[in-house]
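Chain by chain, the residues run as shown.
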Amino acid sequence: MEGDSKHPSLFLYCSLFLLTTKFYWPLVSATQRPPDTQLPLQDFAHSIRLDGDIMLGGLFPVHSRGERGVPCGELKKEKGIHRLEAMLFAIDLINKDPDLLPNVTLGARILDTCSRDTYALEQSLTFVQALIERDGSDVRCASGEQPIFAKPDKVVGVIGASASSVSIMVANILRLFKIPQISYASTAPELSDNTRYDFFSRVVPPDSYQAQAMLDIVTAMGWNYVSTLASEGNYGESGVEAFVQISRESGGVCIAQSLKIPREPKPGEFDKLILRLLETSNARAVIMFANEDDIRRILDAAKRLNQTGHFLWVGSDSWGSKISPVVQQERVAEGGTATLPSRYTNIMTRSLSNNRRNVWFAEFWEENFVCKLGMHGKRPGSPKKCTGLEKVGRDSTYEQEGKVQFVMDAVYAMAHALHHMHRELCSGYPGLCPRMANIDGKELLIYIRAVNFNGSAGTPVTFNENGDAPGRYDIFQYQINNRSTAGYKVIGHWTDQLYLNIDAMQWTNGDSSVPASVCSLPCKMGERKKVVKGVPCCWHCERCEGYHFQASEFVCELCPYEQRPDQNRTGCQPIPIIKLEWHSPWALVPVFISVLGILATTFVIVTFVRYHDTPIVRASGREMSYVLLTGIFLCYAITFPMIAAPDVSVCSFRRIFLGLGMCFSYAALLTKTNRIHRIFEQGKKAVTAPRFISPASQLVITFSLISVQLLGVLVWFAADPPHTVVDYGEQRTQDPENARGVLKCDISDLSLICSLGYSILLMVTCTVYAIKTRGVPETFNEAKPIGFTMYTTCIIWLAFIPIFFGTAQSAERMYIQTATLTVSLSLSASVSLGMLYMPKVYIIIFHPEQNVPKRKRSFKAIVTVATMTSKLSQLASERPNGEVKTELCEGTDASSK
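- Per an unreviewed UniProt entry, the chain carries the name G-protein coupled receptors family 3 profile domain-containing protein and comes from Esox lucius.
- As its UniProt record puts it under Sequence similarities (unreviewed entry), the chain is described as follows: "Belongs to the G-protein coupled receptor 3 family."
- Database annotation for the chain, UniProt heading Subcellular location (unreviewed entry): "Cell membrane".

Here you go:
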């Protein structure tokens, strides 16, 4: 436990004999000592001896470590006197107990270790004197007789020591002589090594349990970034090492710094330690495995550097619930948490009059009551004289030291082992039998490890195979209440697992909220932790960008393609699906144009049907006009399936009618222009009319051209049946909030080109024939209106191509392409309707006097007129002035052959 040193050196075994010579002369009988030999300082002046049938040894830090070569320093009231008195009290109780070691009296030889391992080693040699054979052949008395050696007390077992470093040093000596040892305070994990410290046992749990309890406290507070502070030596270094190892194995707690307090600190050393702790200011929690003196000086340095309230102290059992470390520095210690093996309280009732056996009690009395006892008192500068009537707890503050219980448990463990040994070896024999006259330490150790009784706190006292006690800790917090009264408060306990009442905890200025000791603040929702290399408790928070969501604490993952992150980016949600709505401006304009076109087309068809037999209707070619008007109507009507919500039927209509309207229109126009071209080309060669120019032939040719389009659509249906798809890529914006899935028919750009490609081919071919027939007289069969129609239509579709395909990457692609396609179809239909039929309807409705039969011309006359017109055009181009008058004679009956 407290105070410490490094592992004992092997020199102690080699120097054992030399050290024992110090105790040689005092053991020579006074009557046989040479006359000129001065008696050294009384051997018992710095020890306590109680007579008994069985002698126990005791090691206690009655004084602190001395300075400047002095072995011992100031008196330690709590860790020294309190614990020592507990051993004496326990021996008294045992000797009075008729059921425990009846007719056997326990004695004791108690030594002061002065909180120093080397001094304790020297003192402990007292326990082994009876086991060392001495050669007195070289020693003679003044009379020449053989000396008579005083027989030293044989110690069968030792209670102690306190500091782990002292216990380690002493254990190495005692195991050589097979003397069992039970410590009441040493908690270094190293002492659990049964191969090296086989005669060592302890009634306190090792620091490995304490380290786990302290780690559980840190975890319960939500702290993940702490520093450690250890006193140099076994206790401090082993405790911190156990804490670091357990925290590394369990994960979740990182060590910011591990600092060590030197055994002999230089001036200003503690200020430097505080400043180093402040280098990692986020690690406010400080895990302390330090002795009582170091704790007090660390708190004093923090107070001196104005760091009150910054550090969150988590102390080990060396702090426990002691008053001395926090005296006059209550504010800086406020909120400090410490562990202490479970204990009970026993008020000290000793006084000067009833405690003559404790050679240090007078010194304690002066120290405790700040007074002076006679001329030889230890406090020469004290103005007050002790009366001897002072009372502990009345005239001085008193709080029992935390390890007192374990001192008593250690004595009782030794007594129970001796009791069981006596019962088996001396069954029915009053007092010690011959078999126990020389107790075997190895045999006694077996009985010690087998004890099982309820200790002074009511908890079982047992040992495992390594001599360790089970882990049971009370958790204390140092608090200052509203009345500025400071004290320790039990806030929980630990028995294999932590039970902590966080609501009962109190921090600086009475705040009940647990302060933070973390390297990095928790990341927000939708942010992942990017851990700093080598420091798993420190991280940078990175937001999951784009379509990524926070899949775990450290990972951002991409949402499925059809989903986007939710608002907190902790999961994914479906991307909203949209379609072109009827109320959208992108739909209203095409629908408006389409409705006007349908109304106009319907009006034209009704007009043609009503005036079916009039000359203008007949001259227009009634059958072909109806086919052409059907195509124009379909071009307008396709707007509605293109805007309607996609489903299988709508997609089917789109496939069928998307190119069919244009196919109807341009197949009819191509047939017309082809007929005109063939007529005039034939007329240049002969006077006979060409074949397939009758209305029936024209219908057959037109529907043959249309059938190619229908055949292509049927193949398309068979190869890829119509269905809808949701296109998540079209409006997959950088900001997922704006992402939308577009519900559309599964018609790719390539399919669209193929569907319209045939109609465009008919349109281009028709345009070529329109150019070839541009020289036909204006009154002949609409040649020039068809030409103008085709020129305008080509311009419309030339503008359509860059608009349609140039917006493929736009977020508004669906709207722009749908509107562009439908408007282009409607404009094409409007051009055909306006240039080919509106003039005729105008004449039919508003100038019926012009809707009369004209003289018919023969095919020969028609050809002659066309030939003359061609020649006149050539002459006009050759003349400088370019003016030519032409008179055309109206031909004969057009139907004559």
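1. Regarding the pattern of salt bridges
Next, step 1: A full pass over the atoms with the stated rule returns 21 salt bridges.
Next, step 2: The salt bridge partner of lysine 260 is glutamate 237, with a shortest N-O separation of 3.7 Å. Taken together, the residues lysine 260 in strand S10 (residues 254–261) and glutamate 237 in helix H7 (residues 234–250) connect sequence positions 23 residues apart.
Next, step 3: The partner of aspartate 317 in a salt bridge is lysine 403, with the nearest N and O atoms 3.3 Å apart.

2. Structural notes on empty space enclosed by the protein
Next, step 1: For the coordinates displayed, the defined rule picks out three cavities of 30 Å³ or more.
Next, step 2: By volume, the largest cavity is sized at about 120 Å³.
Next, step 3: What lines the largest cavity is a set of 14 residues, among which Val203, Gln405, Phe406, Thr459 and Arg472 lie closest to the centre.
Next, step 4: Taken together, the elements giving at least two residues each to the lining of the largest cavity come down to helix H12 (404–425) and strand S15 (460–461).
Next, step 5: The element that contributes the greatest number of residues to the lining of the largest cavity is H12, accounting for three residues.
Next, step 6: Of the residues belonging to the lining of the largest cavity, the class tally is eight nonpolar, four polar and two charged.

3. What to know about the side chain of aspartate 271
Next, step 1: When you line up the elements, aspartate 271 lands in helix H8 (residues 269–278).
Next, step 2: Setting aside residues no more than four positions away along its own chain, aspartate 271 makes contact with Ala301, Arg304 and Leu305.

4. Quick look at the nonpolar core
Next, step 1: Counting residues in each nonpolar core, the largest one holds 61 residues, and the members touching the most others are Met87, Leu106, Ile182, Leu418 and Leu444.
Next, step 2: Within the residue set of this core, elements represented by two or more residues are strand S1 (47–50), strand S2 (54–60), helix H3 (77–96), strand S5 (106–112), strand S6 (155–159), helix H11 (361–369), H12 and helix H13 (441–449).
Next, step 3: In terms of residues, this core owes the most to one element, H12, which gives 14 residues.
Next, step 4: Look past the residues within four positions of isoleucine 182 in its chain and what remains in contact with it is Val158, Ile159, Gly160, Ser201, Arg202, Val203, Ala410, Ala413, Met414, Ile448 and Phe463.

5. What to know about the sheet that holds S5
Next, step 1: Pairing in this open sheet of six strands is mixed, and the strands run S1-S5-S2-S6-S7-S8 from one edge to the other. In the strand order of this sheet, the two ends are held by S1 and strand S8 (200–202), each with one partner. Averaged over all pairs of adjacent strands, the angle between their axes in this sheet comes to 20°, without regard to strand direction.
Next, step 2: Bridge count between S2 and S6: four bridges; the pairing is parallel. What sits directly across from methionine 55, in S6, is valine 155.
Next, step 3: Lying over the sheet, H12 contacts S2, S5, S6 and strand S7 (181–183), oriented at roughly 155° with respect to S6.

6. Observations concerning the state of the cysteines
Next, step 1: This model, assessed by the stated rule, comprises nine disulfides.
Next, step 2: Covalently, cysteine 519 is tied to cysteine 538 through a disulfide, its sulfur atoms 1.8 Å apart. Across the S-S bond of cysteine 519 and cysteine 538 the torsion is about 110°, and the bridge reads as right-handed. Here the residue cysteine 519 occupies a position in the loop between strand S18 (498–500) and strand S19 (527–532), and cysteine 538 occupies one in strand S20 (residues 535–543), the gap between them amounting to 19 residues.

7. Quick word on the UniProt feature "transmembrane region" (unreviewed entry) in the chain
Next, step 1: Mapped onto this structure's residue numbering, the UniProt feature "transmembrane region" (unreviewed entry) falls at residues 586–606, 626–646, 652–671, 750–771, 783–805 and 825–847.
Next, step 2: For residues 652–671, the helix share is 100%, the strand share is 0%, and the end-to-end C-alpha distance is 28 Å.
Next, step 3: Secondary structure within residues 750–771 divides into 100% helix and 0% strand; the distance between the first and last C-alpha atoms comes to 30 Å.

8. Details of the pairing of S19
Next, step 1: Sheet topology places S19 next to S20; six bridges connect them, and they run antiparallel. Bridging from a neighbouring strand, valine 531 pairs with tryptophan 539 of S20.

9. Regarding the sheet that holds strand S25 (residues 577–578)
Next, step 1: Spatially, three strands are ordered S25-S27-S26 in an open sheet, and the strand pairing comes out mixed. At either margin of the open sheet sits one strand with a lone partner, and together these are S25 and strand S26 (724–731).
Next, step 2: Of the pairings in the sheet, the one linking S25 to strand S27 (residues 740–745) comprises two bridges and is parallel in character. Residue pairing across strands places isoleucine 577 opposite glycine 741, the latter belonging to S27.
Next, step 3: Along the sheet, helix H22 (residues 813–836) makes contact with S25, S26 and S27, crossing S26 at roughly 115°.

Cut-offs applied
- Residues numbered from 1 in each chain as written.
- Predicted model: local features only at pLDDT ≥ 70, side-chain atom pairs only at ≥ 80, totals over all residues.
- Heavy atoms only, no water.
- UniProt positions renumbered as here; feature names shortened; annotations may be inferred.
- Salt bridge = Lys/Arg side-chain N within 4 Å of Asp/Glu carboxyl O.
- Helix = DSSP H or I, 4+ residues; strand = E, 2+ residues; numbered from the N terminus.
- 1 Å grid on protein atoms, 1.4 Å probe; cavity = no way out; pocket = protein on both sides within 12 Å on 5 of 7 lines; lining within 4 Å.
- Points joined across faces, edges and corners; volume = space filled by probe spheres on them.
- Nonpolar A, V, L, I, M, F, W, Y, C, P; charged D, E, K, R; others polar.
- Contact = heavy atoms within 4.5 Å.
- Core = buried A, V, L, I, M, F, W, Y, C linked by side-chain atoms within 4.5 Å.
- Buried < 20%, exposed > 50% of the residue type's maximum accessible area, 1.4 Å probe, protein only.
- Pairing = 2+ DSSP bridges.
- Axes fitted to C-alpha atoms, helices over the stretch in contact; angles between N-to-C directions.
- Disulfide = S-S within 2.5 Å.

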